[in-house]
Amino acid sequence: MKLTQQTVSTRCCIVGGGPAGMMLGLQLARAGVDVVVLEKHKDFLRDFRGDTVHPSTLEILAELGLKQRFDSLPQHRADQIEVLLADGVYAVGDFRGLKPFPYIALVPQWDFLNLVAEQAQRYPNFVLRMCCEATGIIRHEGDDRVRGVEANTSDGPIQVLADLVVGCDGRNSCLRDAAALQPKDLGSPMDVLWFRLPRHAADPDGTYGAPGKGGLLVMLNRNDYWQVAFVIAKGDAAMWRARPIADLHKRIVQRVGFLADRVDALTSWDDVKLLEVRVDRLPQWHRQGLLLIGDAAHAMSPIGGVGINLAIQDSVAAANILAPALLAPGLPDEALLAKVQQRRLLSTQVIQGIQVFLQRRLIAPVLAAQDDGQPLALPKAVKWLLRWRLVRSIPAYVFGVGFRREHVKSGRH
Ligand SMILES: Cc1cc2nc3c(=O)[nH]c(=O)nc-3n(C[C@H](O)[C@H](O)[C@H](O)COP(=O)(O)OP(=O)(O)OC[C@H]3O[C@@H](n4cnc5c(N)ncnc54)[C@H](O)[C@@H]3O)c2cc1C
């Protein structure tokens, strides 16, 4: 790898240090490929990221020899997902039958990414540049091939020249725009208000959804606090923010009574962040010299907490397919990039299809319903079905494992 002040040359430049980018960087570096990862932030410490590490990802971590270190991160393990309703608590997802990892690990994403970064940095052929924001792609005149990226750093602009650029820069991907790749919007009826509430020792231990007319509360157990998502109708955030914060307190307590003694921890709307939900997918994930994976190729709904796991599965497929070509001389062919898309497309389409169906049939009607003070109840037939563990295992398998397992095949050099 050759480094000068304004120009970096490498075999593969990955833009974006999220789950897709960091895991791809690690696997390529482990296989012996020269990799530079660019991340625009100065650290991984951001609170808007997904935290749910599913059995599919746990299996990949085990294959990479990282499972033991991952287990030592602060985490909460959930083997069931439950819904809180006025007439009781219902388990809707049951991971206990899954093998070899019968649970979801809830791990702050910054801890997970720090672990992956530490492991990748053991390889001398891996470079992570933080505070380095890609601003566009480099092409030579009269040639369509992407040859690298332009980026801004605190020391000024740089060029990163690469034989392959992989865009892992998330759902607002600037590389995707620069390459004139346009995602198809699959629609989402919701946005999310995201905040923390204290967790007390006597609180229940689970991971919950608490639906109510006009809004749905999801509570992720982070041991010493609850990370809470209050799902609202798309575009309603401004209306919510115009109300007193006490209105939000009231809605929270209506859904989860035991939070009444701590909703005051939200003192103003400054304590609440808005996360806009988007579900989209690129018809084509590649150009010559450029591949997009993770949210840059397909933004996921938070339903099922599957986004980081799909992004990581993309990274495994990409490393398996591309590492041999990147270790051999010559430029990786676009046909190989198309193979990554072919490998990952069907499972992405199926999961997004299920998310869009659930958004339309379950979430949109709940969000649109006028809050008449009457609690929501599950239909009797659904309650009866949920008594069977086999039924509860189906959503756990669909979201926890998915439709195409990816296994690490890229070797260790
Ligand atoms: C409200 C909400 C809740 C969610 N909850 C969950 C959940 O619980 N579990 C789950 O699995 N998924 C969840 N998701 C989905 C999940 O966050 C994404 O699917 C996942 O993060 C995608 O990973 P990624 O690596 O492709 O992209 P990202 O995680 O978006 O990472 C992209 C990275 O690229 C960096 N970047 C962006 N632009 C540039 C640039 N120009 N130059 C350099 N770096 C750049 C960013 O800083 C970021 O670090 C949720 C999504 C939403 C909207």
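The model shown is predicted, which means the values in this text are computed figures rather than measured ones.

## A few points about the domain arrangement of the protein
Where interface size is quoted, it is often the accessible area lost as the parts come together.
Right, so step 1: For the protein, the domain assignment lists domain 1 (2-48 + 108-185 + 279-362) and domain 2 (190-233 + 235-276 + 369-397).
Right, so step 2: When each unit is reduced to the centre of its C-alpha atoms, the spacing between domain 1 and domain 2 is 33 Å.
Right, so step 3: Each side of the interface is counted separately: domain 1 has 8 residues, and domain 2 has 9 residues.
Right, so step 4: The interface formed by domain 1 and domain 2 contains 0 salt bridges.
Right, so step 5: Our enumeration of links across domain 1 and domain 2 arrives at 1 residue pair in polar contact (both at pLDDT 80 or more).
Right, so step 6: Across the side of domain 1 that touches domain 2, the residue classes break down as 4 nonpolar, 2 polar and 2 charged.

## Let's talk about the pairing of strand β17 (residues 225-233)
Right, so step 1: Buried residues dominate β17, accounting for 9 of its 9 residues.
Right, so step 2: Where strand β14 (residues 190-198) meets β17, 9 bridges bridge the pair, whose relative direction is antiparallel. Bridging across to β17, Val192 finds its partner in Val231.
Right, so step 3: Alignment of strand β16 (residues 215-221) against β17, held across 6 bridges, turns out to be antiparallel.

## Structural notes on empty space enclosed by the protein
In this approach, a probe sized like a water molecule rolls over the atoms, and the result shows the empty space that is left.
Right, so step 1: Tallied over the entire structure, the rule returns 1 cavity of 30 Å³ or more.
Right, so step 2: Volume-wise, the largest cavity comes out at about 30 Å³.
Right, so step 3: As for the largest cavity, its lining consists of Pro55, Ser56, Glu59, Leu98, Lys99, Pro100, Phe101, Val401 and Arg405.
Right, so step 4: Tallied by class, residues from the lining of the largest cavity come to 5 nonpolar, 1 polar and 3 charged.

The rules behind each value
- Residues numbered from 1 in each chain as written.
- Predicted model: local features only at pLDDT ≥ 70, side-chain atom pairs only at ≥ 80, totals over all residues.
- Heavy atoms only, no water.
- Domains from an automatic or database assignment.
- Contact = heavy atoms within 4.5 Å.
- Salt bridge = Lys/Arg side-chain N within 4 Å of Asp/Glu carboxyl O.
- Polar contact = N/O pair within 3.5 Å; in protein donor to acceptor, adjacent residues only side chain to side chain.
- Nonpolar A, V, L, I, M, F, W, Y, C, P; charged D, E, K, R; others polar.
- Buried < 20%, exposed > 50% of the residue type's maximum accessible area, 1.4 Å probe, protein only.
- Helix = DSSP H or I, 4+ residues; strand = E, 2+ residues; numbered from the N terminus.
- Pairing = 2+ DSSP bridges.
- 1 Å grid on protein atoms, 1.4 Å probe; cavity = no way out; pocket = protein on both sides within 12 Å on 5 of 7 lines; lining within 4 Å.
- Points joined across faces, edges and corners; volume = space filled by probe spheres on them.

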